[in-house]
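Tertiary structure, described
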Amino acid sequence: QESPHIYTREEVKAHSSLETRIWVTLGSEVFDVTEFVHLHPGGPSKLMLAAGGPLEPFWALYAVHNQSHIREILAQYKIGELSPEDKAPSTLKTSDPYADDPIRHPALKVNSQRPFNAEPPPELLTENYITPNPIFFTRNHLPVPNLDPNTYRLHIVGPPRGQSLSLSLDDLYQFPKHEITVTLQCAGNRRSEMNQLKEVRGLEWRAGAISTARWAGARLCDVLSKAGHQPCETEAHVCFEGLDSDPTGTAYGASIPLARAMDPEAEVLLAYEMNGQPLPRDHGFPVRVVVPGVVGARHVKWLGKVSVEPEESYSHWQRRDYKGFSPSVDWDTVDFDSAPSIQELPVQSAITEPKDGEMVESGEVIVKGYAWSGGGRAVIRVDVSLDGGLTWQVAELDGEKQRPRKAWAWQLWQLRASVPPGIKELNIVCKAVDDSYNVQPDTVAPIWNLRGVLSNAWHRVHVRVAP
Ligand code: HEM
Ligand code: MTE
């Protein structure tokens, strides 16, 4: 019997396109699945996400693959084995402050490695209503702290005649457990479209800086009440501090109005569970804030301290970032004190399938995407056009029931539309309407801003139709 061919991970990685052929690994086995890509029942683009690397992280998300007939399909394509030293992923330790960051899912499209910022690819983003934890978008400003759940304490600063609390995780579990589905969106979602018009400063997020999870934890209003805080008439703010900090010791921080924090209907959580699991490290283990309907920046992760202050948080991210400006404002003229911090986000929608530049079959096209609005406003309709906005069809909405004023989570949508013969290309556009009848602007030009936030123009995808 011939001994199997031995390959390194590097060699496997070099085979990740149709030109170089497509290799994947499962355990220590190497497969050339080039011929199978177009036969994949889940579609070629999903299989391609694993090209040049291991299948396990993807198959862990799509358990449909745990069947013997799938192993048999794969077995036909076996070409060899991984070299013994390559079987376990290498561990690299350095003095790099990011060296202790967690291992991430290979499907994530990385916008910046240090700090880690990444989004799920569009074709996985709307595959599930609830985003699986490993591919939930990640927005970190600093290295991920490695916190010990046994010694972790959350400090709640009490009012003058109340009491400050130092809560262990067990203490937090004693408060009534509240569970809700909430979509989190970064203010920079879809920034790349603004950048195409005119340069903006920030990470090049495409349409994936948004994800949805079931969050569970204690309600912030219950914890604040325990410390003696009361809803008050005067303008006050609840300030949050993270346990992630830069080399100068400055921690991530943000704030929300006390009125929202104390309103039980606003359902602000000190969350310790995400989709039934303890929070993953990237998403704030062991405790983060979840502020339904509000921009991601206020959902402070690795929460260390909560205090009630007469003013908004003095954090850079509250005062010198995450604000919107007129298109005419540039870095020489910008006055950050002149604009309010972003809290509730405007109505948003995007197309996840087909992908820009793709070739689709004539006859029928299936267009998919997501739609969401801030402040608990429900999405009532998504309009889709195949001709750049001349004519519109109404998409089918799918998702959890939207509670009035508490529609915290997105709706996924889909449209099956016929593509008459002879049409060579489609200019697909989508736009959503929320229950206040807010709509999205048709282009980015009038909403362009130097920081590239609040990018919610009609989303457009151009595809060619196969002859
Ligand atoms: C479905 C094989 C890689 C995502 C399937 C099915 C097969 C298959 C046979 C149909 C299952 C059934 O209905 O019984 C394979 C093989 C792969 C591979 C041999 C590797 C060479 C991947 C990867 C992903 C993926 C990397 C994800 C990113 C999916 C999805 C479905 C599916 C989402 C379900 C589609 C649906 O529900 O309509 N795959 N797959 N597959 N696959 Fe894969
Ligand atoms: N909290 C801390 N402590 N540090 C951070 O860098 N990033 C914020 C927010 N909370 C951040 C944070 C921003 S800008 C966003 S959009 C969300 O976390 C992203 O949450 P996620 O990484 O779980 O998707």
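Here the structure is shown first, and the text comes after it.
Residues numbered from 1 in each chain as written. Chains lettered and ligands numbered in written order. Predicted model: local features only at pLDDT ≥ 70, side-chain atom pairs only at ≥ 80, totals over all residues. Heavy atoms only, no water.

1. Thoughts on the overall build of the chain
Formally: In this text, helices come from DSSP runs of H or I with a minimum length of four residues, and strands from runs of E with a minimum of two, each type numbered from the N-terminal end. Put simply, the radius of gyration uses C-alpha atoms, and a globule should come to 2.2 Å times the residue count raised to 0.38. Per-residue and other accessible areas were derived by the Shrake-Rupley procedure at a 1.4 Å probe size, with only the shown protein chains allowed to occlude residues.
Scanning the chain from N- to C-terminus turns up 10 helices and 27 strands. Computed over C-alpha atoms, the radius of gyration of the chain comes to 24 Å, within 12% of the 23 Å expected from 2.2 N^0.38 for 467 residues, which places it in the range of a compact globule. In the structure as shown, the chain presents an accessible area of about 21,700 Å², 52% of it carried by carbon and sulfur atoms.

2. What about the site of ligand 1?
The condition is simple: We call a residue near a molecule or strand as soon as one heavy atom of that residue lies within 4 Å of the molecule or strand. Any pair of nitrogen or oxygen atoms within 3.5 Å is treated as a polar contact; in protein, a donor-acceptor pairing is required on top of that, and neighbouring residues in sequence qualify only through side-chain atoms on both sides. Residues are sorted three ways: Asp, Glu, Lys and Arg are charged, Ala, Val, Leu, Ile, Met, Phe, Trp, Tyr, Cys and Pro are nonpolar, and all the rest, Gly among them, are polar.
Surveying the vicinity of ligand 1 reveals 21 residues, the closest of which are Phe36, His40, Trp59, His65 and Gln67. Separating a nitrogen atom of ligand 1 from a side-chain N or O atom of histidine 40 is a distance of 2.8 Å. At a separation of 2.9 Å, a nitrogen atom of ligand 1 approaches a polar side-chain atom of histidine 65. Elements with a minimum of two residues in the shell around ligand 1: helix 2 (44-48), helix 3 (56-59) and helix 4 (68-75). At four residues, helix 4 tops the list of elements feeding residues into the shell around ligand 1. By residue class, the composition of the shell around ligand 1 is 14 nonpolar, five polar and two charged.

3. Some remarks on the side chain of serine 112
Convention followed: Exposure is judged per residue with a 1.4 Å probe applied to protein chains only, and the accessible area is read against the type maximum: over 50% gives exposed, under 20% gives buried, and values in between give partly exposed. The criterion used for residue contact is that any of the two residues' heavy atoms lie within 4.5 Å.
Secondary-structure assignment places serine 112 in strand 6 (residues 109-112). Of the residues examined, serine 112 reaches a relative accessible area of 16% and is grouped as buried. Dropping the residues within four chain positions of it, serine 112 is found in contact with Asn117 and Leu203.

4. Some words on the pattern of salt bridges
Let me state the cut-off plainly: Here, a salt bridge means any Lys or Arg side-chain nitrogen found within 4 Å of an Asp or Glu carboxyl oxygen.
This model, assessed by the stated rule, comprises 26 salt bridges. Notably, a salt bridge pairs lysine 406 with glutamate 267, separated by 4.0 Å at the nearest N-O pair. One end of the pair, lysine 406, is in the loop between strand 24 (396-398) and strand 25 (411-419); the other, glutamate 267, is in the loop between helix 9 (258-262) and strand 15 (269-274), and 139 residues separate them in sequence. For the pair shown, lysine 406 and glutamate 267 are each scored as buried.

5. Some remarks on the site of ligand 2
Phe137, His141, Asp244, His283 and Lys301 are the nearest of the 20 residues found near ligand 2. Contact distances for ligand 2 include 2.9 Å between an oxygen atom and a backbone N or O atom of arginine 139. Contact between ligand 2 and histidine 299: a nitrogen atom at 3.0 Å from a main-chain N or O atom of the residue. When ligand 2 is considered free in solution it has 530 Å² of accessible area, and contact with the protein chains removes 100% of it. In terms of residue class, the shell around ligand 2 is built from nine nonpolar, seven polar and four charged.

6. Quick word on the packing of aromatic side chains
Defined as follows: Pairing of aromatic rings covers Phe, Tyr and Trp, the last counted by its six-membered ring, and requires centre-to-centre distances within 6.5 Å; plane angles under 30 degrees mean stacked, over 60 mean edge-to-face, and any other angle means tilted.
Across all of its chains, the model carries 11 aromatic pairs by this definition. Geometrically, the ring pair formed by phenylalanine 325 and phenylalanine 336 is edge-to-face, given 5.2 Å between the ring centres and 90° between the ring planes. With phenylalanine 325 in the loop between helix 10 (316-319) and strand 19 (348-353) and phenylalanine 336 in the loop between helix 10 and strand 19, the pair connects residues that are 11 residues apart, well separated along the chain. For the pair phenylalanine 325 and phenylalanine 336, one class covers both residues: buried. Here the aromatic cluster, defined as three or more aromatic residues joined through ring pairs, consists of Phe136, Phe137, Trp205 and Trp215.

7. Things to note about the coordination of the iron atom of ligand 1
To keep things clear, this is the line we draw: Distances decide who is a donor: an N, O or S atom must be within 2.8 Å of the metal, or within 3.2 Å for Na, K and Ca. Water is not included, so sites may look incomplete. When four donors show all angles between 85 and 135 degrees the site is tetrahedral, when four or six donors have opposite pairs over 155 degrees and all other angles between 65 and 115 it is square planar or octahedral respectively, and in every other case it is irregular.
Protein-derived ligands of the iron atom of ligand 1 are His40 (NE2) and His65 (NE2), with the metal-ligand distances lying across 2.0 to 2.1 Å. Viewed at the metal, the six donor atoms of the iron atom of ligand 1 are separated by angles of 89 to 179°, and the geometry they form is octahedral. Taken as a pair, histidine 40 in the loop between strand 4 (29-32) and helix 2 and histidine 65 in the loop between helix 3 and helix 4 lie far apart in primary sequence, 25 residues in all. The residues histidine 40 and histidine 65 share a single accessibility class, namely buried.

8. Quick notes on the pairing of strand 27 (residues 459-465)
As a reminder, the rule being used: At least two bridges found by DSSP between two strands are what make those strands a pair.
Burial along strand 27 is one-sided: the residues His459, Val461, Val463 and Val465 are buried and none of Arg460, His462 and Arg464 is. Across two bridges, the pairing between strand 20 (residues 359-360) and strand 27 is parallel. The residue of strand 27 that forms the bridge with valine 360 is valine 465. Bridge count for strand 26 (residues 425-434) against strand 27 is six bridges, and the pairing is antiparallel. Residue valine 429 lies in a different strand from strand 27, and its bridge partner there is arginine 460.

9. Considerations on the nonpolar core
If you look at soluble globular proteins, the nonpolar side chains tend to sit buried side by side. Our working rule: For this analysis, a nonpolar core means a set of buried residues of the types Ala, Val, Leu, Ile, Met, Phe, Trp, Tyr and Cys, connected via side-chain atoms within 4.5 Å.
Leu172, Leu220 and Leu303 are the most contacted members of the largest nonpolar core, which has 52 residues in total. What leucine 220 contacts, discounting residues up to four positions off in sequence, is Val238, Phe240, Ile256, Ala261, Val268, Leu269, Leu270 and Val306. Among the nonpolar cores identified, the runner-up in size contains 25 residues, and Phe31, Trp59, Leu61 and Ala107 belong to it.

10. What to know about the state of the cysteines
Selection rule: By disulfide we mean two sulfur atoms from cysteines, separated by a distance within 2.5 Å.
Under the counting rule described, the total for this entry stands at zero disulfides. Here cysteine 186 is not cross-linked by a disulfide; its sulfur's nearest cysteine counterpart is in cysteine 430, at 19 Å. The exposure class of cysteine 186 is buried, given its relative accessible area of 7%. Assessed through its relative accessible area of 0%, cysteine 430 is described here as buried.

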